[in-house]
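Below, each chain spelled out in residue letters.
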Amino acid sequence: MRLLDILLGRSRAVGPDLDRLFALPSAAVGLEAAAGFRPTGQGAVCFATVEGAAFERTHREIRALLDADAGRTPVELTHDSYGYSWLVSHRSPEELPVLVNDLHAVNSTLEAAGFGPRLLCSLAGFAAEDGRRLALVYLYKRGTFYPFAPLPGGRQQQRDNALELRIRAALADELPVEDDLGRWFPVWGAPGL
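Every value quoted in this text rests on a predicted model; they were computed, and no experiment measured them.

The subject of this paragraph is the packing of aromatic side chains. Think of a pair of aromatic rings as described by two things: how far the centres are apart, and how the planes are tilted against each other in angle. For the structure shown, the criterion picks out five aromatic pairs. With 5.5 Å between their ring centres and 50° between their planes, Phe47 and Phe55 make a pair best called tilted. Each member of the pair, Phe47 as well as Phe55, is classed as buried. Judged by centre distance (5.9 Å) and plane angle (20°), the ring pair of Tyr146 and Trp184 falls under stacked. Here Trp184 lies in the segment after α5 (161-171) and Tyr146 lies in strand β6 (residues 144-148), a separation of 38 residues in the sequence. Residue classification places Tyr146 among the buried positions, given a relative accessible area of 2%. A relative accessible area of 5% places Trp184 in the buried class. Counting every residue linked through ring pairs, the aromatic cluster contains Phe47, Phe55 and Phe115.

Among the residues of helix α4 (residues 96-115), those classed as buried are Leu96, Leu99, Val100, Asp102, Leu103, His104, Ala105, Val106, Asn107, Thr109, Leu110 and Phe115. The inward-facing, buried residues of α4 abut α2 (24-35), β1 (38-48), α3 (53-66), β3 (84-90) and β4 (119-127).

The subject of this paragraph is the packing of α2 against α4. In contact at an axis separation of 9 Å, α2 and α4 are set at 135° when each is read in the N-to-C sense. Of the possible angle classes, the one that applies to α2 and α4 is oblique. As for the relative orientation of α2 and α4, their crossing is right-handed in sense. On the side of α2, the interface is formed by Leu24, Pro25 and Ala28, while α4 contributes Leu96, Pro97 and Val100. Grouping the constituent residues of the contact of α2 with α4 by class yields six nonpolar, no polar and no charged.

A separate point is the confidence of the model for the chain. Chain-level statistics for the chain give a pLDDT mean of 88 and a share of 89% at 70 or above. Here helix α1 (residues 3-8) is the element of the chain with the lowest mean pLDDT, 57, and β6 is the one with the highest, 97.

The next thing to look at is the pattern of salt bridges. This model, assessed by the stated rule, comprises seven salt bridges. A salt bridge links Asp17 to Arg20; its shortest N-O distance comes to 3.6 Å. With a relative accessible area of 23%, Arg20 lands in the partly exposed category. A salt bridge links Arg142 to Glu178; the nearest nitrogen and oxygen atoms lie 2.8 Å apart. Residue Arg142 is located in the loop between β5 (133-139) and β6, and its partner Glu178 is located in the segment after α5; the two are separated by 36 residues in the primary sequence. Exposure remark for Glu178: the relative accessible area of 2% places this residue in the buried category.

Quick look at the side chain of Ser89 now. By secondary structure assignment, the location of Ser89 is in strand β3. Among the residues examined, Ser89 registers a relative accessible area of 3% and is labelled buried.

Now for the environment of Pro150. Relative to the helices and strands, Pro150 is located in the loop between β6 and α5. Between the alpha carbons of Pro150 and Trp188 there is a distance of 7.9 Å; along the sequence they are 38 residues apart. Those residues within four positions of Pro150 in sequence are excluded, and the remaining contacts are Arg133, Gln158, Arg159, Trp188 and Leu193.

Rules used throughout
Residues numbered from 1 in each chain as written. Predicted model: local features only at pLDDT ≥ 70, side-chain atom pairs only at ≥ 80, totals over all residues. Heavy atoms only, no water. Phe/Tyr/Trp six-rings, centres within 6.5 Å; stacked < 30°, edge-to-face > 60°. Buried < 20%, exposed > 50% of the residue type's maximum accessible area, 1.4 Å probe, protein only. Helix = DSSP H or I, 4+ residues; strand = E, 2+ residues; numbered from the N terminus. Contact = heavy atoms within 4.5 Å. Axes fitted to C-alpha atoms, helices over the stretch in contact; angles between N-to-C directions. Parallel < 35°, antiparallel > 145°, perpendicular 65-115°, else oblique. Left-handed = near helix turned anticlockwise from the far one by under 90°. Nonpolar A, V, L, I, M, F, W, Y, C, P; charged D, E, K, R; others polar. pLDDT = per-residue confidence, 0-100. Salt bridge = Lys/Arg side-chain N within 4 Å of Asp/Glu carboxyl O.

Right, dumping it as C-alpha cells:
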C-alpha cells in the first residue's frame, strides 16, 4: 500500500489466492456441524466466455488433466443463460478434497494460459437432508468466499438470506468471508449447485 492510499483511507483489493480453496474441506466439517450441510461432490469454475484456438487448447489440457481418473464423470463445459461459461467437475460427496484439487487445477490452468482476467468465481455445492442447497462461492478477484442459498421448491430466484448470514457466522473462523454483502452475487442456475 502506498503512503497516499494510507492517508486517503483507501485500501487495495486482496486479489486471488487460489490456495484459499484448500480451506474448503475443513470448512465443510464446520458447515455440517453448524447447519447440517454436506458436500454434494459437485463444483464448478465460472469465467467470461472465451472462444478461439488458445482457449480450445487450454480446455483440452484441463480435460486431459482432470479426466485422467478412470471411471469418473468427465469434466463438462456448459454455458448459462447470462453468457458465462462453467467448467463443472463431479466427484463423490466423500471426495471434497479431490474436488477442491480439481477447482484449483482449472483455475491455475486458465490463469497460466492468460485467462486469469476472465475468471469470475468457483463454487462447491452442499445439500442438507431436507433438500436445501447451498454453494460456497470463491470470488477469484477478491480472494474471498460467500455462501449462496437459493430457496427450495417452486420459488425461483429467491435467496434464503437468513441462512446465508448464519453460514457466514459459522464459517468466519474457517474461511476468508467476503465482508461486502453487495458482492454476494447470486449464481442462479449454476451447475454444481
